[in-house]
Amino acid sequence: RSSFRSQGDVLVLPFLDGKLFSHPEINSIQKKMGNLLAKLLAKEEFKGEVGDARQFSTQGKIVFDYVLVMGLGKAKDLSVENLRKAAAKSAQAGERLKAKKIVSLLPLAVEKKIGADQVGQALSEGTALGLYRFEKYKSKKSQEATPRELSFIAADAKTAKALQAGLKRGAIIAGGVNYARDLINTPARDKPPEFLGREAQKTRGVRTRVFRHRQLQKMGMGALYGVGMGSSEPPVFIEMHYKPKGRVKKRVAIVGKGIVFDSGGLSLKPPKSMETMKDDMSGAATVLGVMKLLPQLKPSVEVYGYVASAENMPDGGAQRPGDVVTAYNGKTIEVLNTDAEGRLALADALSYLTKHRKVDYIIDIATLTGAALVALGDLYTAAMGTDVELIEKLKKSGEICGEKIWELPLAEEYAEEIKSQVADIQNIGGPYAGTINGALFLKHFVDEKAKWAHLDIAGPSWANKPLAYAPKGGTGIMVRTLLHFFSEL
Ligand code: BES
Ligand code: MN
Ligand code: ZN
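Since this is a predicted model, take the numbers as computed values, not measurements.

Parameters and conventions
Every chain is numbered on its own, with residues counted from 1 as its sequence reads. Following the order in which they are written, the chains are lettered starting with A and the ligands numbered starting with 1. Since the coordinates come from a predicted model, pLDDT governs what is reported: local features require at least 70, and pairs of side-chain atoms require 80 or more to be given and counted, while whole-chain, interface and lining totals use all residues. Each side-chain value is worked out from all heavy atoms of the structure, with water and hydrogens disregarded. Only runs of H or I of at least four residues qualify as helices and only runs of E of at least two qualify as strands under DSSP, and these elements are numbered from the N terminus. C-alpha atoms define the radius of gyration in this analysis, and the globule rule sets the expected value at 2.2 Å times the number of residues to the power 0.38. Here a residue-residue contact requires only that any non-hydrogen atoms of the pair lie within 4.5 Å. Reported accessibility uses the Shrake-Rupley method at a 1.4 Å probe radius. Residues are deemed covered only where the shown protein chains occlude them. Positive charges come from Lys and Arg, negative ones from Asp and Glu, while His and the chain ends are left out of the count. By convention, the charge on Lys lies at NZ, on Arg at CZ, on Asp at CG and on Glu at CD. Note on pairing: DSSP must find at least two bridges between two strands before they are called paired. The criterion for a residue being near a molecule or strand is simple. One of its heavy atoms has to lie within 4 Å of it. The definition of a polar contact used here is a pair of N or O atoms within 3.5 Å, where within protein one atom must be able to donate a hydrogen and the other to accept one, and adjacent residues in sequence count solely through side-chain atom pairs. Only nitrogen, oxygen and sulfur atoms count as donors, using a 2.8 Å cut-off from the metal that widens to 3.2 Å for Na, K and Ca. Water is left out, so coordination shells may look unfilled. Irregular is the default label, applied whenever a site is not tetrahedral (four donors, all angles between 85 and 135 degrees) and neither square planar nor octahedral (four or six donors, opposite donors over 155 degrees apart, all other angles between 65 and 115). Summary of the burial criterion: residues with accessible area below 20% of their type's maximum are buried, those above 50% are exposed, and those between are partly exposed, where the area comes from a 1.4 Å probe applied to protein chains only. Each helix should span, by expectation, one fewer than its residue count multiplied by 1.5 Å. Only the stretch in contact is used when fitting a helix axis, every axis being a line fitted to C-alpha atoms; angles between N-to-C directions are given from 0 to 180 degrees. Here a pair means two rings of Phe, Tyr or Trp (six-membered ring of Trp) with centres within 6.5 Å. Their orientation is stacked below 30 degrees between planes, edge-to-face above 60, and tilted elsewhere.

## Looking at the overall build of the protein
- When helices and strands are counted, the protein shows 16 helices and 19 strands.
- Compactness check: the protein gives a C-alpha radius of gyration of 24 Å against a globular reference of 23 Å for 489 residues, within 12% of the reference.
- Taking as baseline every contact in the protein between residues at least 6 positions apart, the subset at least 24 positions apart corresponds to 77%.
- For the protein, the accessible surface area stands at approximately 21,100 Å², while carbon and sulfur atoms represent 51% of it.
- Averaging the coordinates of the 71 positive side-chain charges in the protein and doing the same for the 54 negative ones gives two points 8 Å apart.

See the structure below:
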């Protein structure tokens, strides 16, 4: 909206380069409040780093109860990521103040530096992602506190229109991310592989096929099938297909690891390591989130989405260390550690799409190795692959989306670590370079010439503490990055 005559509970004012942003409307609000804001901010030595905020009661001097001064940092560092953070902090502050209606003037300070459309997208992403809560299992929901209405004010009608388009797109995208978060946060007992199959089949605007249980065995998906043997919940393999109406610029396959719970199997994990293992289907959640968004965002890219899902449990029927399974492409795998199950599930998915579909790029997304956390911590995705350009594109998209990606070498020197005595390969390497070993294993299931990237999201799939625009729990990482990547192809 470009009119300033709005009312509400909270008014958000931008604070940039160490001062309140100067704009006739903001200056007039200042004056109405007796020029108190600047004085109080100076007294408090308010620096206004990104997301830092101060709230002031207006004492009825303007038509809002509170003014929230929101730090945007330095103008030279302005970025969509910083806007997302500021938007999230504004919305969260509004929630704390029990505001029903928030009016934000943040766009005024940034729309010249970052296009109004991009500003709109970042603001609604930050807002909707920052307000996300998983409360399905709470007997008392805090939902009532969520602000009902948020308005953003642009300088004029033309920028308002661009802003609005961006706001709308951002809200759609955040919906997909929050959907992925819901799937991840859902306890494993309520999301067997079959549940993911049903979610896929519910997805509008894409063609979906779900392969189940015995059918998987008959098809020759011995690796995925083996992972599921110890669970009473049978595994599923999902194929989804989005085809744009017009010209197809590129074809891409995305493949998600969908282990709905990873106990380690007979190579059982210690209790602490199991606490968050309902998140071991985060890659699948990313694929489902992206596929849900494609028909709404309509990029001119044809996308195949795959999910290989099983529950990794120990019981009398479970696969044993030392067992040999045959993957869909005919390669035999010695399963030395049943806890290295993600690569087994992905082996069949990658082989399947390699055999049946012709695509320009293959990207798999998986919570594959604890070693990725050791190497990069919980904020960076580890990337490895066969195509420099693809990795560069993904890194760039990740940067813009605030989802950092760091490349590790797909080091052929270590390839012999996963050679097996009894089968073609084995599912674990030595004690070092665990993340690279995982990628080297997967490489056996894509073509020599394929442009393939493996994204190990074991770290950032789960927030161990609240982030700027994600509460503790499943993050839905890589949904936004993949969509951005598609939009640039
Ligand atoms: N799902 C885990 C990886 C993981 C660990 C994700 C911690 C998130 C947080 C994976 O299936 C696994 O157990 N990997 C093993 C591989 C090992 C046995 C070669 C690991 O990382 O220990
Ligand atoms: Mn495991
Ligand atoms: Zn796992």
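## Concerning the sheet that holds strand E12 (residues 332-335)
- Sheet architecture is open: 3 strands sit in the order E11-E12-E16, paired in mixed fashion. In the strand order of this sheet, the two ends are held by strand E11 (323-326) and strand E16 (425-426), each with one partner.
- Alignment of E11 against E12, held across 4 bridges, turns out to be antiparallel. In the sheet register, Val324 faces E12, and the bridge partner there is Glu334.

## Considering the site of ligand 1
- Residues in close proximity to ligand 1 total 16 residues, the closest being Lys269, Asp280, Asp339, Glu341 and Gly370.
- Contacts to ligand 1 include Lys257, whose side-chain N or O atom sits 3.1 Å from an oxygen atom.
- Taking Asp339, its side chain carries an N or O atom lying 2.8 Å from an oxygen atom of ligand 1.
- When isolated, ligand 1 has an accessible area of 510 Å², and the protein chains bury 77% of it.

## Looking at the coordination of the manganese ion (ligand 2)
- Taken together, Asp262 (OD), Asp339 (O), Asp339 (OD) and Glu341 (OE) make up the full set of protein donors to the manganese ion (ligand 2), lying 2.1 to 2.2 Å away.
- Geometry at the manganese ion (ligand 2) is irregular, judged from the 6 donor atoms that bind it and their angles of 70 to 169° at the metal.
- In the primary structure, the donors to the manganese ion (ligand 2) are separated according to the pattern D-x76-D-x1-E.
- The metal-metal distance between the manganese ion (ligand 2) and the zinc ion (ligand 3) is 3.1 Å, with Asp262 serving as a donor to both.
- Taking the relative accessible area as the measure of exposure, Glu341 reaches 0% and is therefore buried.

## Here's the deal with helix H5 (residues 116-130)
- In a regular helix each residue adds 1.5 Å, so 15 residues correspond to 21 Å; H5 covers 21 Å between its end C-alpha atoms and thus fits that length.
- Across the 15 residues of H5, 12 count as buried, placing the element largely inside the fold.
- Every buried residue of H5 is accounted for by Ala116, Val119, Gly120, Gln121, Ala122, Leu123, Ser124, Glu125, Gly126, Thr127, Leu129 and Gly130.
- Taken together, the buried residues of H5 touch helix H3 (80-96), helix H4 (106-110), strand E6 (149-152), helix H6 (157-185) and helix H16 (479-487).

## Brief notes about the sheet that holds strand E7 (residues 207-212)
- Sheet architecture is open: 8 strands sit in the order E7-E8-E10-E9-E13-E17-E14-E15, paired in mixed fashion. A single partner strand is all that each edge strand has here, and the edge strands are E7 and strand E15 (405-407). This sheet shows a mean twist of 20° between the axes of neighbouring strands, independent of strand direction.
- Across 5 bridges, strand E13 (residues 361-366) lies against strand E17 (residues 452-456) in parallel orientation. Pairing of Ile362 across the sheet is with Trp452, part of E17.

## A few points about the environment of Ile238
- By secondary structure assignment, the location of Ile238 is in strand E8 (residues 236-242).
- Sequence separation of Ile238 and Met70 is 168 residues, and the distance between their C-alpha atoms is 45 Å.
- Once residues within four sequence positions are removed from consideration, Ile238 is found in contact with Leu196, Gly197, Ala200, Thr208, Arg209, Val210, Gly305, Tyr306 and Val307.

## Topic: unusual backbone geometry
- Residue Asp17 is not a glycine yet carries a positive backbone phi of 55°.
- Inspection of the secondary structure assignment puts Asp17 in the loop between strand E1 (10-16) and strand E2 (19-20).
- The phi torsion at His213 lies on the positive side, around 35°, for a residue other than glycine.
- If you trace the backbone, His213 turns up in helix H8 (residues 213-219).

## A few points about the side chain of Ser397
- Mapped onto the elements of the fold, Ser397 is located in helix H14 (residues 388-401).
- For Ser397, a relative accessible area of 3% corresponds to the buried category.
- Only 3.1 Å separates the side chain of Ser397 from the side chain of His484, close enough to count as a polar contact.
- Residue contacts for Ser397: discarding those within four places in its chain leaves Thr481, His484 and Phe485.

## As for H6
- Its 29 residues place the ends of H6 41 Å apart at the C-alpha level, agreeing with the 42 Å of an ideal helix rising 1.5 Å per residue.
- One side-chain oxygen at the N-terminal end of H6 lies 3.1 Å from the backbone nitrogen of Lys158; it belongs to Asp156.

## Quick look at the coordination of the zinc ion (ligand 3)
- Those protein atoms acting as donors to the zinc ion (ligand 3) are Lys257 (NZ), Asp262 (OD), Asp280 (OD) and Glu341 (OE), and they sit at 2.0 to 2.4 Å.
- Around the zinc ion (ligand 3), the 6 donor atoms sit at angles spanning 79 to 174°, and that spread fits a shape best called octahedral.
- Within one chain, the residues serving as donors to the zinc ion (ligand 3) are arranged as K-x4-D-x17-D-x60-E.

## Observations regarding the packing of aromatic side chains
- Taken as a whole and judged by the stated rule, the model has 13 aromatic pairs.
- Seen from their ring centres, Tyr380 and Trp406 are 6.4 Å apart, and the 80° between their planes marks the pair as edge-to-face. One end of the pair, Tyr380, is in the loop between helix H13 (370-376) and strand E14 (381-385); the other, Trp406, is in strand E15, and 26 residues separate them in sequence.
- Consider the rings of Phe441 and Phe445, whose centres lie 5.4 Å apart with planes at 40°: the pair is tilted.
- The exposure class assigned to Phe441 is buried, which follows from its relative accessible area of 0%.

## Details of the environment of Phe486
- Structurally, Phe486 can be placed in helix H16.
- Residue Phe486 is classed as buried on the basis of its relative accessible area of 1%.
- Spatially, the C-alpha atoms of Phe486 and Lys298 are 10.0 Å apart, while their sequence positions differ by 188 residues.

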